[in-house]
Amino acid sequence: MVSGLINENPIIYPKKERRLRTDSSNTDEFTPEPIDQLEIFDHIRDIKDPEHPNTLEDLRVVTEDSVEVDDDNSYVRVTFTPTMEHCSMATIIGLCVRVKLLRSLPARYKIDIRVAPGSHATEDAVNKQLNDKERVAAALENPNLVEMVDECLLPSAE
C-alpha cells in the first residue's frame, strides 16, 4: 500500500451479501454463457484500494449499480467513484478494474472504465487515460505499476 495517505479516514460501508448463481440449464459447451451485471461486480468488488487495506466495495468506489453490461454487443462499462475529488489513485484504481476484467472476461468484450461524472477534479483526463489502449499498454509496461496493480488484485485473506 501507499505511504502518506491522502484520505486517512475513509468511510467503510457494509458489504452487500453475495448471491449464489443458479446453474445454467445450457449444457452446450460451445455456446457462450451470458455475462451479467452481478458477474462483473463479483469480479471487481474485492479489488483492494491502493491506499487502504479495504476493498473497492468497502469504500463504495464500485457498486453493482455502477456496472453496465450489454452481453449481446459484448460491452461492459464500469463507472467508479473515488473517495475524494482529488484522489491521486483514481487512474490506478481504474487500471486495476480494467486489468481484472481483461484477465477475467473473454477477449470479445469491449471494456469501458469511467470515473463517475462530477466525482473527480480531473475526470476527463482520467477517463481519457483509462480508455486509451496505447496509454494502458504503456502503463502495463511499467514494472512498478504492474506490481501495484497485481498487489491490489491479490485475493484477500477473508
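How each quantity is defined
- Every chain is numbered independently, its residues counted from 1 as its sequence is written.
- Where local features are concerned, this predicted model is filtered to residues with pLDDT of at least 70; where side-chain atom pairs are given and counted, the filter is 80 or more; whole-chain, interface and lining totals use all residues.
- Excluded from the side-chain calculations are hydrogens and water; all other atoms, namely the structure's heavy atoms, are used.
- Numbered from the N terminus, helices here are DSSP runs of H or I no shorter than four residues, and strands are runs of E no shorter than two.
- A 1.4 Å probe rolled over the protein chains alone gives each residue an accessible area, and that area as a share of the maximum for its type sets the label: buried under 20%, exposed over 50%, partly exposed in between.
- Contacts are assigned to residue pairs that have any heavy atoms within 4.5 Å of one another.
- Exposure was quantified through the Shrake-Rupley algorithm and a 1.4 Å probe, taking into account, for residues, occlusion by the shown protein chains and nothing else.
- Lines fitted to C-alpha atoms define the axes, with helix axes restricted to the stretch in contact, and inter-axis angles between N-to-C directions lie between 0 and 180 degrees.
- Should an angle lie under 35 degrees it is considered roughly parallel, over 145 roughly antiparallel, and from 65 to 115 roughly perpendicular; all remaining angles are considered oblique.
- Note that Gly is not counted as nonpolar here; it falls among the polar residues with everything else outside the nonpolar set of Ala, Val, Leu, Ile, Met, Phe, Trp, Tyr, Cys and Pro and the charged set of Asp, Glu, Lys and Arg.
- To qualify as a nonpolar core, a set must consist of buried Ala, Val, Leu, Ile, Met, Phe, Trp, Tyr and Cys residues joined through side-chain atoms within 4.5 Å.

By the naming in an unreviewed UniProt entry, the protein chain is Protein AE7, taken from Camelina sativa.

Caption draft 1: A look at the overall build of the protein chain. The number of helices and strands found in the protein chain is five helices and three strands. For the protein chain, the sequential pattern of α-helices and β-strands runs α-β-β-α-β-α-α-α. For the protein chain, the proportion of its 158 residues judged to be buried stands at 39%. Sequence separation of 24 or more characterises 67% of the internal contacts of the protein chain that already satisfy a separation of 6 or more. Roughly 9500 Å² of accessible area belongs to the protein chain as shown, and the carbon and sulfur atoms make up 50% of that amount.

Caption draft 2: Quick peek at the packing of helix α2 (residues 90-104) against helix α5 (residues 143-153). Put simply, α2 and α5 touch, their axes get as near as 10 Å, and they point 70° apart. Considered as vectors, α2 and α5 are oriented roughly perpendicular to each other. Between α2, through Ile 92, Leu 95, Cys 96, Val 99, Lys 100 and Arg 103, and α5, the contact on the second element is made entirely by Leu 145, Met 148, Val 149, Asp 150, Cys 152 and Leu 153. For the contact of α2 with α5, the class distribution of residues is nine nonpolar, no polar and three charged.

Caption draft 3: Inspection of the nonpolar core at higher detail. Grouped together as the largest cluster of nonpolar side chains are 35 residues, with contacts concentrated most on Val 78, Phe 80 and Leu 101. For this core, the secondary-structure elements that each account for two or more residues are α1 (37-44), β2 (75-80), α2, β3 (110-115), α3 (123-130), α4 (133-139) and α5. Among the elements that take part in this core, α2 stands out by supplying eight residues, more than any other.

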